[in-house]
Amino acid sequence: MAVCLLREQNELGIVTLTLNRPSQANALSRELLTELSEAAEDYMFDRSVRCMIITAAGDRIFSAGADLKERKGMDEPTVRRTVSLIGNTFKKIEQLPFPVIAALNGSAFGGGLELALACDLRVASRSGTYGLTETSLAIIPGAGGTQRLPRLIGAARAKELIFTAKRLEAQEAFEYGLFNQVASAEAVYKEAQALAEAIASNGPIAVRQAKRAIEAGLQGDLPAGLKIEELCYASTIPTRDRLEGLQAFAEKRKPVYKGE
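*Asks:* With reference to specific residues and values, describe the sheet that holds strand β9 (residues 168–169).
*Replies:* Pairing is mixed in the open sheet, where 4 strands are placed in the order β4-β6-β8-β9. Strand pairing shows two members of the sheet lacking a second neighbour, β4 (61–63) and β9, which therefore form its edges.

Shown next as structure tokens:
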């Protein structure tokens, strides 16, 4: 049986997860979701990981979303469990302590785009089209789309896209604020890798604390957010990496951070 999710980690601490169902448009089957959920759990407490890239096999489609062929044969309780599995899996991706980059090598619809929304950064193929198209199937985005998209691009534009099930070209999606970068299909992973390498070169404890401060701070008002920032900053002060950064600056050399 083919593996639905490929894993790879390089010497810089960058993990790449590849959705591996290209003949099924990388649709999110229960098996693929289970493997993705297990991967998130495995890396959650792995201190060697500095960044993650999620991409997909093939050169046209990142993910078409839920596996509708599989869904068609399910009874109602199984559908409910599957929707819960998708949502919980994406929460695990979102809650990873290090930055996660979605490298959308092609089009993404429904749950495929919701997976990208659960990531911190998004690089998308210029030749793809993108949308939360669930209302055209008489359902709604059920894996965080109605919550994450408004927070990313604003309520009015999110409502427009969700209510109309509109599909956006990459440049238009970029202008909406959906993506950090767009690139040719051939260059998407390279650009994501460059972003990941830039992240991995910085102090890993600092990067993790910065992500924690941003994510937690967004859940409350500004005074609460500033307090969270203060606490996250404080956790970097006793680290060896902070001293290494100061020493490297004084010696005019590149710092070597060890996550200590």
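*Asks:* Can you break down the pattern of salt bridges residue by residue, with the values?
*Replies:* For the structure shown, the criterion picks out 12 salt bridges. In this structure, Glu76 engages Arg80 in a salt bridge whose closest nitrogen and oxygen atoms are separated by 3.0 Å. Here Glu76 and its partner Arg80 are both found in helix α3 (residues 76–94), 4 residues apart, which amounts to about one turn of the helix. Just as Glu76 is exposed, Arg80 falls in that class too. One network of salt bridges, with partners in common, ties together Glu160, Lys166 and Glu172.

*Asks:* Please provide a residue-by-residue account of a nonpolar patch on the surface, values included.
*Replies:* Together, Leu68, Leu137 and Ile139 give the surface a local cluster of nonpolar side chains, amounting to about 270 Å² of exposed area. Residue position: Leu137 is located in the loop between β8 (129–131) and α5 (145–153).

*Asks:* Account for the packing of α5 against helix α6 (residues 155–164), with residues named and values stated.
*Replies:* The geometry of α5 relative to α6 is characterised by a closest axis approach of 7 Å and an angle of 135° between their N-to-C directions. The orientation of α5 relative to α6 falls into the category oblique. Judged by the twist between their axes, the crossing of α5 over α6 is right-handed. Of the residues in α6, those in contact with Gly145, Thr146, Leu149, Pro150 and Ile153 of α5 are Ala155, Arg157, Ala158, Leu161 and Ile162. Across the contact of α5 with α6, the residue classes tally to 7 nonpolar, 2 polar and 1 charged.

Scoring rules and cut-offs
- Residues numbered from 1 in each chain as written.
- Predicted model: local features only at pLDDT ≥ 70, side-chain atom pairs only at ≥ 80, totals over all residues.
- Heavy atoms only, no water.
- Pairing = 2+ DSSP bridges.
- Helix = DSSP H or I, 4+ residues; strand = E, 2+ residues; numbered from the N terminus.
- Salt bridge = Lys/Arg side-chain N within 4 Å of Asp/Glu carboxyl O.
- Buried < 20%, exposed > 50% of the residue type's maximum accessible area, 1.4 Å probe, protein only.
- Patch = residues over 30% accessible without salt bridge, like charges linked within 9 Å, V, L, I, M, F, W, Y side chains within 5 Å.
- Areas by Shrake-Rupley, 256 points an atom, 1.4 Å probe, with all protein chains shown as cover.
- Axes fitted to C-alpha atoms, helices over the stretch in contact; angles between N-to-C directions.
- Parallel < 35°, antiparallel > 145°, perpendicular 65-115°, else oblique.
- Left-handed = near helix turned anticlockwise from the far one by under 90°.
- Contact = heavy atoms within 4.5 Å.
- Nonpolar A, V, L, I, M, F, W, Y, C, P; charged D, E, K, R; others polar.

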